[in-house]
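# Report on the structure
What follows is each chain in one-letter form.
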Amino acid sequence: FLEVDIEGRVRLVMEGALTARDRVGVQDFVLLENYNSEAAFIENLRRRFRENLIYTYIGSVLVSMNPYKELEIYSKQQMDRYRGVSFYEISPHIYALSDNTYRAMRTERKDQCILISGESGAGKTEASKKILLYYAVTCPTNDRMAALGDRLLQSNPVLEAFGNAKTLRNDNSSRFGKYMDVQFDFRGAPVGGHILNYLLEKSRVVHQNHGERNFHIFYQLLDGGEDDQLNTLNLERNPQNYRYLVKGNCPRVSSISDKNNWKVVMKALPVIGFTEEEVQKLLNIIASVLHLGNTQFGEGEEGETYITTEISNLARLLGVDGSALREALTHKKLTAKGEEMITPLNFEQAEAARDALAKAVYGRTFTWLVEKINQSLALKDEIYHSSKGSSVIGLLDIYGFEVLQHNSFEQFCINYCNEKLQQLFIELTLRSEQEEYETEGIAWETVQYFDNKIICDLIEEKHKGIISILDEECLRPGETCDVSFLEKLEDTVGGHPHFVTHKLANGKTRRVMSREEFRLLHYAGEVNYNVNGFLDKNNDLLNRNLKEVMCQSDNQILSHCFRREEVIDQKRPEMAATQFKNSLMKLTEILRSKEPSYVRCIKPNDAKQPGRFDEVLVRHQVKYLGLMENLRVRRAGFAYRRRFEAFLQRYKPLCPETWPNWHGRLADGVLTLVKHLGYKDEEYKLGRSKIFIRFPKTLFNTEDVLEAKKPEIGKQQYCLGVHTCMCVYIYIVIVIQSGWRGMKARRRAKRRRQAADLIRRFIKGFIYRHGEYGPENDYFLDHVRYSFLKNLRKNLPKSVLDKSWPTPPPSLVEASEHLQKLHMRNMVTKYCRIVHPEWKKQMMQKVVASEIFKDQKDSYPQSVGRLFLDSRLEREQISLKVVQTLGNDKVQYGVSVIKYDKRGFKPRPRQLLLTNTFAVLVDKTKIKQRIDYTALRGENHPLSLPQGDLLLHCSHSIEMVTKLAMMANKTNNVNINPGSIQFTVARGKEGIIDFVRGAELKVTKGRRGHLLVVSQRLL
Ligand SMILES: Nc1ncnc2c1ncn2[C@@H]1O[C@H](COP(=O)(O)OP(=O)(O)OP(=O)(O)O)[C@@H](O)[C@H]1O
Ligand SMILES: [Mg+2]
């Protein structure tokens, strides 16, 4: 009867469902009529599951059923379908949630997180991978970021190889909790990542239940490793040969290809930054754990323990001294009253020490691996850390509530974790609901919900909580054991309403509890925990001498994992449960600072089979995931809310005043509409921009009316004749108009968005303009360079004398210098190409004059502007007779000079004529003296001659000396001297010319037979 009733109700829901609803059931549980009915909830899940609709919402929470088969819903096309589409417009999907979270991060600039929970095998890890893939494919990217996306994706197979194992419930079960941050830059491109790992199930290294396996990596190495590799590690291919791999009696699993996975892992390791050496060290550690498992002990006659197997390989692989390891595996070091004592271990203790070492080695290596992956995912640019532009999406893939036949310390921790996450969920969901009510101006109605703080306190409270009691019991001197811990619990928290033991229980409960169990009444239901092993697991002890040996390992990974300080530091490290509690506190802090979204995963059956819906199993999960509680909180106020315009648009045909168009305020339109529809006051409320409808029934009724009215609306439009026709035309015009306007507005919005993006990039670039060229400033720096070059092109100097040049930005200083030189060279080349030969000759002479006279002779600067002439004498001024005498030696230059006699210094007017090889002094028609250029010595004096020097005065001395020096090829031999100059009168006889400053130029005979030259300028 119940079934029929439920079926009937669900069918009713379906029939009245919104057309936007899926073909089957409701796509959002908030639309379930009877939201308190677990049966209706499960029925909705079943119906959708049967049609492969594995996703359903509870408001913003996504419920995901594991299909146990590949569905065609994860393609690139599907990703595109969900990009930028509003959450509720399209059928529920993990991509919709991913996209919505991403867009919320981009538009609200607030960090987001996605919490994925569910039982083992429910599909958490698969969901998290799909989210990551969605971001890797759809987010904007460039080469550098693509490499990061690659590393993000490649870190998965590595972590899974080391942290996942085949269990009875999941062939690829994550045996650790994982929280991963993906960092995005201001453009929305993924730029970094960071992983936090929680509570690796280390006990699996040494023990597996029947039908389960150790961590994948061991089998992968044995199956996929090269022969050489295995030889070096001294391993055999058969997993049956290793004691740590045979406990579960399940070396192979049909759904897993260890060989292929090994290849994937080996390929991934270099991608995430592992060197060859590191890979080898890692393999050594994996192999050493296997060898450790095969280390056996024997018992001597006096009860002493010794190792019966060869441990040299083990020591080699661990990189430690063999005898020290042997000693440490069979003895224990104690410090009593300040003295160190070494006591032998008995057989069981030695085995426990060995196992503890294997767990520690593996566990710490796993933590190292995560650190290493984090280094590879870390933002390379420190700038981003301080950058306001970057935002984060966190992904939490963590064990859901676990209720097994026998629950132990691990389940206790896991369930405590879920209790904390539920607390956070309630807090955050209620907060966001409350905020929405506030912004909409609707009075907040208190929601009744179960506050699980009482259970969290029971577990975590300082001094009084279960964890504190467990720690105390571990530390207490004297005989302690798991049972004494249970007794202590009974003494301390015995009266707590959420705590029961066999002793405290009533008859009915007592029957289903053993004496070694305590029961916690979690928010999701009751769980019995067996105290066996609690103390040991919490202690997680490794003998000190084993730590000492490991510290000295020459394997860098191990020496990094086992720090010397740990041995020196006498303080006891925190117990496992407390460590977990603290890391959980940190995690909740991280999550609280972000905007959360939730994925709740459910597995349909335990057999890992597609298409099988095990109702009992599903009900169990719905209960322990707290989904009914989720729904109740979400539905506590109003089931449905919609923006005014959307509501009015959909239902306006149902009211004559709002059809075909409402021209007033939207809120008034909605009010008119709902009044016409006969909504009662308690059924709805109008906020500032949204209508809130309390019951789905109200909405469904309205929807039914709309369905019923559709043909009539069509007919109405048909029969209204010409007027209607007009209306239709007007309507069409309006549609086209609004379409056109919409398009224009969209374009405008796009342009604005682009502009805003550009400005943002600009500002950011400006802030980081002095940093290294990188993604945060590349646009700005490129722009600055581009503008400089563009500006330079317009303002290049036009002549070689123009030395102006625009100031370059710092990043272009060097290039600018090169450009300036190039440009100058270019101008010079161009100039030279067009220069006239005459002018060239002139310039060459001027250059020589400059070399000789610049900074040497006072009158030089005045001479620069005056052109040198080809000759200072006209052709007719030179006597024909002289020309004839010279014959082939053409006069190249002629100038009038005054020659002074060497003895009496009598002035005589002369002509100085220069030919190509000699010069002549001419007195009217007579050549008085010929001076061969080769005879010019020029050692001490200008134009010194062997037969005695010539003393000439010329009013074009710079021009004359330049020409003479050039023709004689003696430009380096010109001496210029103030004061006085010595000259040769005749062979062996010296004369002197004195230069004196005076108003007028005078050349006369001075005292002591010197020639006195008086001049305004001495040089
Ligand atoms: N969306 C899906 N499509 C197809 N198969 C899926 C999907 N989700 C999960 N599965 C199947 O279920 C298996 C278990 O999923 P997954 O490893 O994600 O579970 P889990 O919740 O992470 O479990 P555990 O807590 O043990 O790690 C996968 O190996 C895969 O075969
Ligand atoms: Mg998993």
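Residues numbered from 1 in each chain as written. Chains lettered and ligands numbered in written order. Predicted model: local features only at pLDDT ≥ 70, side-chain atom pairs only at ≥ 80, totals over all residues. Heavy atoms only, no water.

### As for the overall build of the protein chain
Using the following cut-off: Runs of H or I in DSSP of at least four residues are treated as helices and runs of E of at least two as strands, each being numbered from the N terminus. Within these notes, the globule rule equals 2.2 Å times the number of residues to the 0.38 power, and the radius of gyration is based on C-alpha atoms. Exposed residues in this analysis have more than 50% of their type's maximum accessible area, buried residues have under 20%, and partly exposed residues fall in between, with area computed by a 1.4 Å probe over protein chains only. In this analysis, two residues are considered to be in contact whenever any of their non-hydrogen atoms come within 4.5 Å of each other. Each accessible area is a Shrake-Rupley result for a 1.4 Å probe, and residues are judged covered by the shown protein chains and nothing else. Lys and Arg are tallied as positive, Asp and Glu as negative. Neither His nor the chain termini are counted. The atoms used to mark charge sites are NZ of Lys, CZ of Arg, CG of Asp and CD of Glu.
What the protein chain contains, in helices and strands, is 38 helices and 28 strands. Relative to the 2.2 N^0.38 estimate, which gives 31 Å for 1019 residues, the radius of gyration of the protein chain is 49 Å and therefore markedly larger than a compact globule would have. Buried residues in the protein chain amount to 49% of all 1019 residues. Partitioning the intrachain contacts of the protein chain with sequence separation of at least 6 by distance along the chain shows that 64% fall at a separation of at least 24. When the accessible area of the protein chain is evaluated, it comes to approximately 51800 Å², of which 52% is carbon and sulfur surface. Here the protein chain contributes 151 positive and 126 negative side-chain charges, whose respective centroids are spaced 13 Å apart.

### Here's the deal with the packing of aromatic side chains
This is how the line gets drawn: Only rings of Phe, Tyr and Trp enter the pairing, Trp through its six-membered ring, and a pair is recorded when the two centres are within 6.5 Å. The plane angle decides the type: under 30 degrees is stacked, over 60 is edge-to-face, the rest tilted. Comment: the charge-over-ring label is applied if NZ (Lys) or CZ (Arg) is within 6 Å of the ring centre and within 35 degrees of the ring normal.
Inspection of every chain in the model, using the stated rule, returns 33 aromatic pairs. Between the aromatic rings of phenylalanine 412 and tyrosine 529, the centroid separation amounts to 5.7 Å while the plane-to-plane angle is 90 degrees, which identifies the pairing as edge-to-face. Here phenylalanine 412 is found in helix 17 (residues 409-440), whereas its partner tyrosine 529 is found in strand 15 (residues 525-530), with 117 residues between them in sequence. Of the two residues, phenylalanine 412 and tyrosine 529, neither departs from the other in class, the shared state being buried. Every member of this aromatic cluster is reached through a ring pair, and the members are Phe409, Phe412, Phe485, Phe499, Phe518, Tyr529 and Phe534. Over the ring of tyrosine 74 we find lysine 130; its NZ or CZ atom is 4.3 Å from the centre of that ring. The lysine or arginine in question, arginine 769, covers the ring of phenylalanine 766, its NZ or CZ lying 4.0 Å from the ring centre.

### Examining the coordination of the magnesium ion (ligand 2)
What counts, and what does not: In this description, a donor is an N, O or S atom within 2.8 Å of the metal centre, a cutoff extended to 3.2 Å for sodium, potassium and calcium. Water is not part of the atom list, which can make sites seem incomplete.
Within the protein, the magnesium ion (ligand 2) binds to Thr125 (OG1) and Ser174 (OG); these donor distances fall in the range 1.9 to 2.0 Å. Residue threonine 125 is located in helix 5 (residues 124-138), and its partner serine 174 is located in strand 5 (residues 173-174); the two are separated by 49 residues in the primary sequence. Judged by relative accessible area, threonine 125 falls into the buried class, the value being 15%.

### Thoughts on the sheet that holds strand 27 (residues 1002-1005)
Rule in force here: If DSSP finds at least two bridges between two strands, the strands pair. Axis definition: a line fit to C-alpha positions, over the contact stretch in the case of helices; interaxial angles, taken between N-to-C directions, run 0 to 180 degrees.
The sheet built from 4 strands is open, its strands ordered 25-26-28-27 with mixed pairing. At either margin of the open sheet sits one strand with a lone partner, and together these are strand 25 (980-986) and strand 27. Strand-to-strand twist across the sheet, computed as the mean angle between neighbouring axes with direction ignored, equals 25 degrees. Sheet analysis places strand 27 next to strand 28 (residues 1011-1015), joined by 4 bridges and oriented antiparallel. When the sheet's bridge partners are listed, valine 1003 is paired in strand 28 with valine 1013.

### Examining the UniProt feature "binding site: ATP" (unreviewed entry) in the protein chain
The condition that has to hold: UniProt positions are given in the numbering used here, feature names are shortened, and annotations may be inferred rather than shown by experiment. Throughout this description, a polar contact denotes any pair of N or O atoms lying within 3.5 Å of each other; where both atoms belong to protein, one of them has to be capable of donating a hydrogen while the other can accept it, and for residues adjacent in sequence the pair is counted only when both atoms sit in side chains.
Taken from the UniProt record, the annotation "binding site: ATP" (unreviewed entry) applies to Gly118, Glu119, Ser120, Gly121, Ala122, Gly123, Lys124 and Thr125. Tracing the backbone through its elements, the reader meets glycine 118 in strand 3 (residues 112-118). Residue classification places glycine 118 among the buried residues on the basis of a relative accessible area of 0%. Look past the residues within four positions of glycine 118 in its chain and what remains in contact with it is Lys124, Ile398, Tyr399, Gly400, Cys601 and Leu625. Mapped onto the fold, serine 120 is located in the loop between strand 3 and helix 5. Setting aside its immediate chain neighbours within four residues, serine 120 contacts Thr167, Arg169, Asn170, Ser173, Arg175, Glu402 and Lys603. A distance of 3.4 Å separates the side chain of serine 120 from the side chain of serine 173, its partner in a polar contact.

### Examining the site of ligand 1
Put simply, the rule is: By convention in this text, a residue qualifies as near a molecule or strand provided that one of its non-hydrogen atoms is within 4 Å of it. In this classification, Asp, Glu, Lys and Arg are treated as charged, Ala, Val, Leu, Ile, Met, Phe, Trp, Tyr, Cys and Pro as nonpolar, and every other residue, Gly included, as polar.
Around ligand 1, a shell composed of 18 residues is seen, among which Ser120, Lys124, Thr125, Ser173 and Ser174 lie nearest. In the model, an oxygen atom of ligand 1 is placed 3.0 Å from a nitrogen or oxygen of the glycine 123 main chain. Starting from 630 Å² of accessible surface for ligand 1 in isolation, the protein chains cover 87%. Breaking the shell around ligand 1 down by element, the ones donating at least two residues are helix 5 and strand 5. Here the element with the most residues in the shell around ligand 1 is helix 5; it accounts for 4 residues. The residue makeup of the shell around ligand 1, split by class, is 4 nonpolar, 9 polar and 5 charged.

### Quick notes on the nonpolar core
One recurring pattern in soluble globular proteins is that nonpolar side chains are buried together. In plain terms, the rule: Only buried residues count toward a nonpolar core. Its members are Ala, Val, Leu, Ile, Met, Phe, Trp, Tyr and Cys residues joined through side-chain atoms within 4.5 Å.
Ranked by internal contacts, the top residues of the largest apolar core, which has 201 residues, are Leu325 and Phe518. No other element matches the 14 residues that helix 15 (residues 347-377) contributes to this core. Within the second largest apolar cluster, 15 residues are counted, among which are Leu912, Leu914, Ala919 and Ala968.

### Observations concerning the pattern of salt bridges
The line we're drawing: Only one rule defines a salt bridge in this text: a Lys or Arg side-chain nitrogen within 4 Å of an Asp or Glu carboxyl oxygen.
Going through the model one piece at a time under the given rule, you end up with 55 salt bridges. The shortest N-O distance in the salt bridge between arginine 619 and glutamate 38 comes to 3.2 Å. Of the two residues, arginine 619 is situated in helix 27 (residues 615-624) and glutamate 38 in helix 2 (residues 38-50); the sequence distance between them amounts to 581 residues. With a closest N to O distance of 3.3 Å, lysine 603 and aspartate 606 form a salt bridge. For lysine 603, a relative accessible area of 0% corresponds to the buried category. With relative accessibility at 42%, the residue aspartate 606 sits in the partly exposed group.

### Description of helix 17
Stated formally: One less than the number of residues in a helix, times 1.5 Å, gives the span that helix is expected to have.
Along its 32 residues, helix 17 runs 47 Å from first to last C-alpha, staying within 8% of the 46 Å computed at 1.5 Å per residue. Counting buried residues in helix 17 gives 24 out of 32 residues, a clear majority hidden from the surface. Note on helix 17: the residue one or two positions beyond its end, glycine 441, has a positive phi of about 70 degrees.

### A closer look at a negative patch on the surface
Counted only if it meets this: Note on patches: the residues involved have over 30% relative accessible area and no salt bridge, like charges join within 9 Å, and the nonpolar side chains Val, Leu, Ile, Met, Phe, Trp and Tyr join within 5 Å.
On the surface, a cluster of negative charge is contributed by Glu299, Glu301, Glu302, Glu304 and Glu348. Checked against the element boundaries, glutamate 302 lands in the loop between strand 8 (297-299) and strand 9 (305-307).

### A look at the state of the cysteines
A covalent bond bridging the sulfur atoms of two cysteines is what the word disulfide describes. Just so we agree on the cut-off: Throughout, disulfides are identified as pairs of cysteine sulfur atoms within 2.5 Å of each other.
Inspection of every chain in the model, using the stated rule, returns 0 disulfides. You can see cysteine 551 has no disulfide; the closest cysteine sulfur is in cysteine 561, sitting 11 Å from it. Judged by relative accessible area, which is 8%, cysteine 551 ranks as buried.

### Some thoughts on the side chain of asparagine 164
By secondary structure assignment, the location of asparagine 164 is in strand 4 (residues 164-165). A distance of 3.0 Å separates the side chain of asparagine 164 from the side chain of asparagine 172, its partner in a polar contact.

### Overview of a nonpolar patch on the surface
Judged by side-chain polarity, Leu758, Ile759, Ile763, Phe766 and Ile767 come together as a nonpolar surface patch covering roughly 480 Å² of accessible area. Residue position: phenylalanine 766 is located in helix 32 (residues 721-767).

### Some points on empty space enclosed by the protein
Put simply, the test is: A cavity here means a set of points on a 1 Å grid, drawn over the protein atoms and nothing else, where a 1.4 Å probe fits but cannot get out; a pocket is an open set with protein on both sides within 12 Å along at least five of seven lines, and a residue lines either one if it has an atom within 4 Å of a point. Grid points are joined across faces, edges and corners, and a volume is the space filled by probe spheres set on the points. An automatic or database domain assignment supplies the start and end points of every domain.
Applying the stated criterion across every chain, the model contains 9 cavities of 30 Å³ or more. Put simply, the largest cavity is a space of about 110 Å³. Lining the largest cavity are 15 residues, with Ser117, Asn418, Leu421, Gln422 and Arg600 positioned closest to its centre. Broken down by element, the residue count for the lining of the largest cavity peaks at 4 residues, all from helix 17. For the lining of the largest cavity, the per-class residue count stands at 11 nonpolar, 3 polar and 1 charged. Looking at the lining of the largest cavity, you find at least three residues from each of domain 1 (1-140 + 602-637) and domain 2 (409-542).

### Remarks on a positive patch on the surface
Taken together, the side chains of Arg741, Lys744, Arg747, Arg748, Lys750, Arg751, Arg752 and Arg753 make up a positively charged region of the molecular surface. Tracing the backbone shows arginine 752 in helix 32. Judged by its relative accessible area of 57%, arginine 752 falls in the exposed class.

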